[in-house]
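Breakdown of the fold
What follows is each chain in one-letter form.
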Amino acid sequence: MLPLSRLVSRHPLLVLVFWLILVLLSVPFAARAPASLNAKASGSLTETESSRVTELLRDKFGEKDTNMALLVTHSQPPLTTPEGQAAYERFVAGLGDVAGVDRVVKAQQSGTLSTQSPDGQLALTIAQIPLNEGASEALRNIRQYAQKSESAGLKVRVTGGQAIADDFTEFAESDTKRSEFMALPLIAVMLLLVFGALVATGLPLIIGVMSITVAMAGLYGLTHLMSVSTFAQSVITMLGLGAGIDYALLMVNRFREELKKRGGNSREAAARTVLTAGRSVAFSGTTVAIAMAGLIIPNVTFLRSIGIGGVLVVLLTVLASVTALPAMLALLGERVNSPRVLKIGWAQSGEASASWTAFARRVTARPVLGVLLSTAFLLVCSIPAWHMKTGYAGAWGLSHGVESRDALVDVRQLGAGGLLSQFEVVLDLQGQRYGPADRAKFQEVVTQLRALPHVRGVLSPFLTPADLGGASTSSNDALAAVSALTRRSFSTDRTFLRLTVVPDDALRADQIPPFEGQIRGVLDASGYKYLLGGAPIGEREWSHQITGALPTVVIAVFAGTFVLLMIAFRSLLIPVKSILMNALTVGAAAGIVTQIVQNGTLAAPLGIPSDVGILDASLPVMLFAVMFGLSMDYEIFLLSRVQEEYLSGKSNDEAIVAAVGHTARIITSAAIIMFIVFAAFVFGRVVASKSIGLGLAVAVLLDATLVRLVLVPSFLKLAGRWNWWLPKWLDRRLPKLVLEH
């Protein structure tokens, strides 16, 4: 840190010019980043069963546009009248001319897959669009056409897998911006209470915005190398604002103390701030970066993009905090305390807080009670997490009021919700061409699948009268349906067979495995070699890939954190204690989120739909990585002071009490700021972002109060001298690291 301290004290203006140029260059790229992010990375999975099915449909069946946009029309007068039918026919004819639409399937009034209500007011039209490249553009064209086609007698709403994914991306971006605007004024008020001066209040906000801007520019560059998750933007905002303001708070507070000690010499004070608080900031940032880097280890593009974004913003935040911020402080000097708005700031004083010191004495007087009650409370909170259901939430992952979610209500009312959860079955004849002798076997499979519970229909060449709509369907329509189904059911070389199983409703993630199991049961008994694909299988594979990475992430983060804490605190017990207590915090937060989002307790007041039923598959691993890293900030703030007091000659008990007295105000004010940042995301429209914001807000609340101010001091009191035990042979081999703040 010595070279940095010299740089900011001798050339502060040069440092600020560098950062100004960097931020200005980053702005245009940062603005482009959100549009380049993906709502879900399942389409990028390779070497999976569902991706193999997609390849076969494209290469062997000529199906390139297997994606669907579902358009729900409300007609008045209804389609049962000549006027209503004519208006609907004009709408369908124009839909077929929309760029990106390959084929249009009109609503049918009867049959197994009826898509028109009996009264003719509600109808479902299907537009086939590209699966991957060009899908969003096609959907955008469809939505524009639907908007232009609306009139007093025709209302149109669009849903479908692509519509849901695009709405997810759009609202995740707008929610992030809205959360920033909501949080910043509240953070400013909190910082004003902390510092009492406007200039000091503005500095942490500047650091947070700077680090986010440069990190978003880096994220845009990353989109040219890999698929980047929409969640990466939310993580960058949360970490950039939360950690950036935390670190700046620590640095500004230390600078004001040093400024008093050095008679107003701002450059010396800035240099000393870098050498003391700057070391703690760098170390704290390293622990957060290690936690986020754990997401890079699994071979999961979705997680890697979030991990890289997290590491990027944390490192930039640390760099800005130990260079740009002290450079500003060196130039400002005493002006950092002006204009004075409040005479006494919450955390201005460098002296120990008498009230927090007294609190620490009461806690350490009954350490067994503190450990037992705190641990029991956290474990009770974590109980719902043991019954957590995860998966891709689909339309349920959006709040009410979003078009693609609201339109799904009409689709389900028509009994066509299963169109969003179709299973594609490809039967492999292993090089043999399909012939008349194979017909009975193929038809038997279709019959058995059609008879399964909750199956609305099976698209195959073996049509029943009900499939054709009975007597209401003309012979020409029937012939067209048979011809289309025959083409889609046999590969061009007739060595593969295809059929599509349509459930009677859209399947939530937790409903996919049992439905999939009964389909596989029939196929396993058929004697065919087969592949099972479709949206539900792709979603399940994606979810399993994410949740399957959690053990690797946990082990990697635990190992990296253990080594870092062991070096910093010259102890074996403290790293173990820190890992276990942070894990308790994350577990309790996950349990509370599960109870609210999955089970619906208190969901309505938080604007979370009561029918979500699952948590996004990415939530457990993201909550663990982000919260585990951030909670180490408070751990280091407290433990570094305990170690400093202990090494100065105080007893273990007095060191604990003194450390709590000195750090509780900083930890409390930092935690309130973190809470504001995270809680702002709860007011968005994407349930996954709301869940992550809720989980992190709960975790920081628990960590900064119950854990850091009760559980940790109680444990340190019980452990006594064992807190600082390290084998001598290991102590000689570890590098030396000094932390101060």
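Residues numbered from 1 in each chain as written. Predicted model: local features only at pLDDT ≥ 70, side-chain atom pairs only at ≥ 80, totals over all residues. Heavy atoms only, no water.

Describing the overall build of the chain
Scanning the chain from N- to C-terminus turns up 24 helices and ten strands. Taken over the C-alpha trace, the chain has a radius of gyration of 30 Å; the compact-globule value for 741 residues is 27 Å, and the two agree within 12%. By principal-axis analysis of the C-alpha atoms, the chain measures approximately 95 × 50 × 45 Å. A total of 741 residues make up the chain; the buried ones form 58% of that total. Long-range pairs, those at least 24 residues apart, make up 83% of the contacts in the chain between residues at least 6 apart in sequence. Taking the 63 positively charged and 54 negatively charged side chains of the chain as two groups, their mean positions are separated by 10 Å. (Helix = DSSP H or I, 4+ residues; strand = E, 2+ residues; numbered from the N terminus. Rg over C-alpha atoms; globule rule 2.2 N^0.38 Å. Buried < 20%, exposed > 50% of the residue type's maximum accessible area, 1.4 Å probe, protein only. Contact = heavy atoms within 4.5 Å. Lys, Arg positive; Asp, Glu negative; His and termini not counted. Charge placed at Lys NZ, Arg CZ, Asp CG, Glu CD.)

Section: the packing of helix H12 (residues 354-365) against helix H22 (residues 652-679)
Put simply, H12 and H22 touch, their axes get as near as 8 Å, and they point 130° apart. Considering their axes alone, H12 and H22 lie oblique with respect to each other. In this structure, the crossing between H12 and H22 has a hand that is right-handed. Residue-level inspection shows Trp356, Thr357, Ala360, Arg361 and Thr364 of H12 in contact with H22, the latter providing Glu654, Ile656, Val657, Val660, Gly661, Ala664, Arg665 and Thr668. The residue makeup of the contact of H12 with H22, split by class, is six nonpolar, four polar and three charged. (Axes fitted to C-alpha atoms, helices over the stretch in contact; angles between N-to-C directions. Parallel < 35°, antiparallel > 145°, perpendicular 65-115°, else oblique. Left-handed = near helix turned anticlockwise from the far one by under 90°. Nonpolar A, V, L, I, M, F, W, Y, C, P; charged D, E, K, R; others polar.)

Overview of the packing of aromatic side chains
Going through the model one piece at a time under the given rule, you end up with 15 aromatic pairs. An aromatic cluster is defined as three or more aromatic residues linked by ring pairs; in this entry it consists of Tyr434, Phe442, Phe462 and Phe490. Its end group placed over the ring of Tyr528, Lys441 keeps NZ or CZ at 4.4 Å from the ring centre. Just above the ring of Trp722 sits the side chain of Arg721; from NZ or CZ to the centre is 4.9 Å. (Phe/Tyr/Trp six-rings, centres within 6.5 Å; stacked < 30°, edge-to-face > 60°. Lys NZ or Arg CZ within 6 Å of the ring centre and 35° of its normal.)

Considering the sheet that holds strand E1 (residues 67-75)
In space, the four strands of this open sheet follow the order E2-E3-E1-E4, with antiparallel pairing throughout. A single partner strand is all that each edge strand has here, and the edge strands are strand E2 (103-105) and strand E4 (154-159). Taken pair by pair, the neighbouring strands of this sheet meet at an average axis angle of 25°, ignoring direction. Pairing analysis gives eight bridges linking E1 to strand E3 (residues 122-129), with the strands arranged antiparallel. Its bridge partner lying in E3, Asn67 is registered against Ile129. Against the sheet, helix H4 (residues 82-95) makes contact with E1, E2, E3 and E4, and its axis sits at roughly 10° relative to E3, the strand it touches most. On top of the sheet, helix H6 (residues 161-195) reaches E1, E3 and E4; it is set at about 80° to E4, its chief contact. (Pairing = 2+ DSSP bridges.)

With respect to the packing of helix H17 (residues 512-526) against helix H18 (residues 535-548)
Contact geometry for H17 and H18: axes closest at 11 Å, N-to-C directions at 120°. Between H17 and H18, the interaxial angle falls into the category oblique. Remark: the crossing between H17 and H18 carries left-handed chirality. Where H17 abuts H18, its residues Ile512, Glu516 and Arg520 lie against Pro536, Ile537, Glu539 and Arg540. By residue class, the composition of the contact of H17 with H18 is three nonpolar, no polar and four charged.

Thoughts on the side chain of Asp166
With respect to the secondary-structure elements, Asp166 resides in helix H6. The charged side chain of Asp166 is buried without a salt bridge, its nearest counter-charge being Arg143 at 5.5 Å. Ignoring anything within four residues of it in the chain, the contact list for Asp166 reads Ser136 and Leu139. (Salt bridge = Lys/Arg side-chain N within 4 Å of Asp/Glu carboxyl O.)

Focus: the sheet that holds strand E9 (residues 529-534)
In spatial order, the strands read E7-E8-E6-E9; together these four strands make up an open sheet with antiparallel pairing. Two strands lie at the open edges of the sheet, namely strand E7 (455-459) and E9, each paired on one side alone. Looking at each pair of strands side by side, their axes are set apart by 20° on average, direction ignored. Relative to strand E8 (residues 496-503), strand E6 (residues 423-428) runs antiparallel, the two being bridged by six bridges. Each residue of the ladder has a partner; that of Val426, found in E8, is Arg498.

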